Amino acid sequence: MPADGASTQGAIARRGIMLVVSSPSGAGKTTLTRTLIDEEEHITLSVSVTTRPRRPSEIDGVHYRFITKRQFEIMRDSGDLLEHAEVHGNCYGTPREPVEQALAAGRDVLFDIDWQGTRQLYEAMRDDVVSVFVLPPSAAELKARLERRAEDSEDIIVKRLRNAAEEIAHWPEYDYVLVNRDLDKSFKRLQSILTAERLKRVHRADMESFVDGLLDGLREITA
Ligand code: 5GP
């Protein structure tokens, strides 16, 4: 079995994990989640739909699917969204189908969503959800990061800082909390969480059939 517990060995299969990462904007969550997708196999990023305007660095279909309010309402009312929420005055939601397909195929799915969405996922699929909250090292650093990013206007930055306090208040609802002082260290911790949760699930759900096979094999070669 590979050290990360991923199901590459045929005999061991497991249902995918829903790894949720939340934080106030600017705490480094996007860098952490993108790095995880680049470095880890067997995990797919859930691409949300949003009604917020696209930022210059964003690609439609990669970072988000940018849709109109009307399109959002149709998806929501048809049950096509696994969860949805209003954040900073814009609507965001997770399309249901790609997530269900990935989980059924045994792939893990990574979600960059807020506390409202995390709650809804817990209500719908508690056993599959593992949640991580990323905190900035300080208020001053959070502001500096949003300004360095230079993707939002000054009034939007102020709005995001005001909302940060509300988002941060929900940290106790999460399974893990990371204070992102150093990106490399935080990334290693996030990767360790994924590894441990994968191993936990392999052992709990699927080890029995693997051990049965192992015992059959031992009986055969000792008969
Ligand atoms: P941003 O506009 O900075 O990309 O995202 C604003 C906030 O919305 C972030 O906290 C992000 O995690 C959250 N968000 C993004 N997509 C979704 C989604 O599909 N559902 C929910 N509930 N929140 C989302």
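The structure displayed is predicted, hence computed values, not measured ones.

J.: So what exactly am I meant to see when it comes to helix H4 (residues 115-125) here?
T.: Each α-helix winds once per 3.6 residues, and so residues spaced three or four apart point in a common direction. Listed as buried for H4 are Trp115, Gly117, Thr118, Leu121, Tyr122 and Met125. Projected down its long axis, H4 shows its buried positions confined to an angular sector of 155 degrees, all on one face. For H4, the exposed residues lying more than 90 degrees away from the buried face are Glu123 and Ala124. Contacts made by the buried residues of H4 are with strand S1 (18-22), strand S5 (81-87), helix H3 (96-104), strand S7 (108-112), strand S8 (129-135) and helix H6 (154-168).

J.: Even after reading the chapter, I still don't get the UniProt feature "binding site: ATP" (unreviewed entry) in the protein, so can you show me in this structure?
T.: On the UniProt side, "binding site: ATP" (unreviewed entry) is annotated at positions that read Ser23, Pro24, Ser25, Gly26, Ala27, Gly28, Lys29 and Thr30 here. Following the sequence through the fold, proline 24 ends up in the loop between S1 and helix H1 (29-39). If we ignore the near neighbours within four places in the chain, the residues touching proline 24 are Phe133, Val134, Pro136, Leu142, Ala164, Glu167 and Ile168. Within the secondary structure, alanine 27 is located in the loop between S1 and H1. For alanine 27, the contacting residues outside a window of four places in its chain are Val134, Leu135, Pro136, Leu142, Arg145 and Asn180.

J.: Quick question: what am I supposed to make of the pairing of S7 here?
T.: In terms of burial, S7 is largely enclosed, as 5 of its 5 residues are buried. With burial as the criterion, each face of S7 is covered, one bearing Asp108, Leu110 and Asp112 and the other bearing Val109 and Phe111. In terms of strand pairing, strand S2 (residues 43-45) meets S7 through 3 bridges, oriented parallel. Counterpart to isoleucine 43 in the pairing with S7 is aspartate 108.

J.: Hey, could you run me through unusual backbone geometry in this one?
T.: Even without being a glycine, histidine 42 presents a positive backbone phi close to 65 degrees. Here histidine 42 is to be found in the loop between H1 and S2. In this model, histidine 88 sits at a positive phi of 50 degrees, which is unusual for a non-glycine residue.

J.: Would you explain the environment of arginine 126 in this entry?
T.: Secondary-structure assignment places arginine 126 in the loop between H4 and S8. By relative accessible area, arginine 126 is classed as exposed at 55%. Taking C-alpha positions, arginine 126 is 30 Å from arginine 70, a pair spaced 56 residues apart along the chain.

J.: Hey, could you run me through the nonpolar core in this one?
T.: As a rule of thumb, soluble globular proteins bury nonpolar side chains together. If you look at the biggest cluster of nonpolar residues, it comprises 19 residues, and the most contacted ones within it are Leu19, Val21, Leu36, Ile43, Leu110, Val132 and Leu190. In terms of residues, this core owes the most to one element, helix H7 (residues 183-222), which gives 4 residues.

J.: What is the right way to read the packing of aromatic side chains from this model?
T.: For any pair of aromatic rings, geometry is given as the distance between the ring centres together with the angle between the planes. What the rule picks out here adds up to 3 aromatic pairs. Aromatic pair phenylalanine 133 and tyrosine 174: ring centres 5.1 Å apart, planes at 70 degrees, arrangement edge-to-face. In this pair, phenylalanine 133 is assigned in strand S8 and tyrosine 174 in the loop between H6 and strand S9 (176-179), connecting sequence segments 41 residues apart. Overall, phenylalanine 133 belongs to the buried group, its relative accessible area being 0%. Site record: aromatic cluster; members linked through ring pairs are Tyr64, Phe66 and Tyr92.

J.: So what exactly am I meant to see when it comes to a nonpolar patch on the surface here?
T.: Taken together, the side chains of Val211, Leu214, Leu215, Leu218 and Ile221 make up a nonpolar region of the molecular surface, amounting to roughly 450 Å² of accessible area. The residue leucine 214 is located in helix H7 in this model. Judged by relative accessible area, which is 46%, leucine 214 ranks as partly exposed.

About the cut-offs
- Residues numbered from 1 in each chain as written.
- Predicted model: local features only at pLDDT ≥ 70, side-chain atom pairs only at ≥ 80, totals over all residues.
- Heavy atoms only, no water.
- Buried < 20%, exposed > 50% of the residue type's maximum accessible area, 1.4 Å probe, protein only.
- Helix = DSSP H or I, 4+ residues; strand = E, 2+ residues; numbered from the N terminus.
- Arc of directions from axis to C-beta.
- Contact = heavy atoms within 4.5 Å.
- UniProt positions renumbered as here; feature names shortened; annotations may be inferred.
- Pairing = 2+ DSSP bridges.
- Core = buried A, V, L, I, M, F, W, Y, C linked by side-chain atoms within 4.5 Å.
- Phe/Tyr/Trp six-rings, centres within 6.5 Å; stacked < 30°, edge-to-face > 60°.
- Patch = residues over 30% accessible without salt bridge, like charges linked within 9 Å, V, L, I, M, F, W, Y side chains within 5 Å.
- Areas by Shrake-Rupley, 256 points an atom, 1.4 Å probe, with all protein chains shown as cover.
- Salt bridge = Lys/Arg side-chain N within 4 Å of Asp/Glu carboxyl O.

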